[in-house]
Amino acid sequence: MITITDIPLQAYLVVAAMLFCIGVWGLINSRNAVRVLMSIELMLNAVNLNMMAFSSYLDGAQVRGQVFAVFIITVAAAEAAVGLAILLSLYRNRDTVDMEQFNLLRW
Amino acid sequence: MSLALSTQLICFLLLSGALLLGALGVVLLPNVVYSAFLLGGVLLSMAGLYLLLNASFVAAAQVLVYVGAVNVLILFAIMLVNKRQPLRPMRVLLLRRLLSVGVCLGLLALLVQVALTTSWSVPGPPSIGEAAITRIGEHFFTDYLLPFEVASVLLLMAMIGAIVLARRDVLARDVVTGAPADQALLERQRPPLLPSQDGSSPSAPSP
């Protein structure tokens, strides 16, 4: 069993930051509502990668980051199910998936 | 995971490259079906990175939950709402894209700056490797027992909520004869909440 201090921790953090920023960009700019949900999944995965990197590098004995990652995966699954159900119901009412036309609550 | 350093490095570079390229594809590809399949690739590469980080249980959970459930759910949603419509052009779309690129690059610069300048206390305690699965089980049933149970209640609530939200209103009786309908496939016509924006009149009210 070798230690994993070979790849620096910062490499994982930078990759996670890039993934998070791609997710933010997609969240802002997507006009398809399904793609917005996919961008949210990307952001949640970026956070998970941070958790796992910290858990492996800084907390190797008590792997609490992995426990939190499992909870995040659970919440993400629930979020995806409810989000897609809302999307389906919205599609039946408005007959579109264009985010720019979901403006019922716009002032 | 006991691999040589060069193998680890090559795996890390390959997986991160696949991850970032796939994420860009998810966001940028015009066809949303390709985006969904690329999302599956992104999630699989993420599971590979978890394996590199000595987290085999979470990698398996990632493959099972994300690739097996969430991605399939997204594909089903795409098939259910797949309406090929030309999106209405917007006036300031290009300006908005450029502005958001600026904002995201600024956020990225901030995050990278924080990651690189903080003095992390590495190396921490030595990694326990494959014994992490046992440790996670101990955590779940001792000090994280309450969040574990709350997570199961949350999943139940999400399941019921998704069913309630996505359920169709069906007609209980046949419209013509008045007899009870024995199959729930007749969907009631619902008027849209607002008249559609291209000026056409809303559909006829439901019977």
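To start, this report covers the structure provided alongside it. (Residues numbered from 1 in each chain as written. Chains lettered and ligands numbered in written order. Predicted model: local features only at pLDDT ≥ 70, side-chain atom pairs only at ≥ 80, totals over all residues. Heavy atoms only, no water.)

Considerations on the packing of helix 3 (residues 64-94) of chain A against helix 5 (residues 132-141) of chain B
The test is simple: Only the stretch in contact is used when fitting a helix axis, every axis being a line fitted to C-alpha atoms; angles between N-to-C directions are given from 0 to 180 degrees. Helix and strand definitions follow DSSP, with helices as H or I runs of at least four residues and strands as E runs of at least two, each counted in order from the N terminus. These descriptions rest on fixed angle ranges, namely under 35 degrees for roughly parallel, over 145 for roughly antiparallel, 65 to 115 for roughly perpendicular, and the rest for oblique. Less than a right angle of anticlockwise turn of the near helix away from the far helix marks a crossing as left-handed, whereas a clockwise turn marks it as right-handed. Whether two residues are in contact is decided by their heavy atoms, any of which lying within 4.5 Å being enough. Side-chain classes are defined by residue name, with Ala, Val, Leu, Ile, Met, Phe, Trp, Tyr, Cys and Pro counting as nonpolar, Asp, Glu, Lys and Arg as charged, and the others, Gly among them, as polar.
As a packed pair, helix 3 of chain A and helix 5 of chain B sit with axes 9 Å apart at the nearest point and diverge in direction by 65 degrees. Overall, the two elements helix 3 of chain A and helix 5 of chain B adopt an arrangement that is roughly perpendicular. Seen along the crossing, helix 3 of chain A lies across helix 5 of chain B with a hand that is right-handed. Residues A:Arg64, A:Gln66, A:Val67, A:Val70 and A:Phe71 of helix 3 of chain A lie in contact with helix 5 of chain B, whose contacting residues are B:Ala132, B:Ile136, B:His139 and B:Phe140. Among the residues forming the contact of helix 3 of chain A with helix 5 of chain B, the class breakdown is six nonpolar, two polar and one charged.

Looking at the pattern of salt bridges
Definition in use: Any Lys or Arg side-chain nitrogen located within 4 Å of an Asp or Glu carboxyl oxygen qualifies as a salt bridge. Buried residues are those whose accessible area, probed at 1.4 Å on protein chains only, stays under 20% of the maximum for their type, while exposed residues exceed 50% and partly exposed ones sit between those limits.
Under the counting rule described, the total for this entry stands at four salt bridges over all chains. A salt bridge links A:Arg64 to A:Asp59, with the shortest nitrogen-to-oxygen separation between them at 3.2 Å. Owing to a relative accessible area of 16%, A:Asp59 belongs among the buried residues under this scheme. Across the salt bridge formed by B:Glu138 and B:Arg135, the nearest N and O atoms sit 3.4 Å from each other. Of this pair, B:Glu138 and B:Arg135 both sit in helix 5, three residues apart, roughly one helical turn.

What about the side chain of A:Glu41?
Applicable threshold: Lys and Arg are tallied as positive, Asp and Glu as negative. Neither His nor the chain termini are counted.
Along the chain, the position of A:Glu41 falls in helix 2 (residues 33-57). For the buried A:Glu41, which has no salt bridge, the nearest side chain bearing the opposite charge is A:Arg35, at an N-O separation of 14 Å. Those residues in contact with A:Glu41 that lie beyond four places of it in its chain are A:Ala76, A:Glu79, A:Ala80, B:Tyr66, B:Val70 and B:Ile74.

Interpretation note: all reported values are geometric properties and have no functional meaning in isolation.
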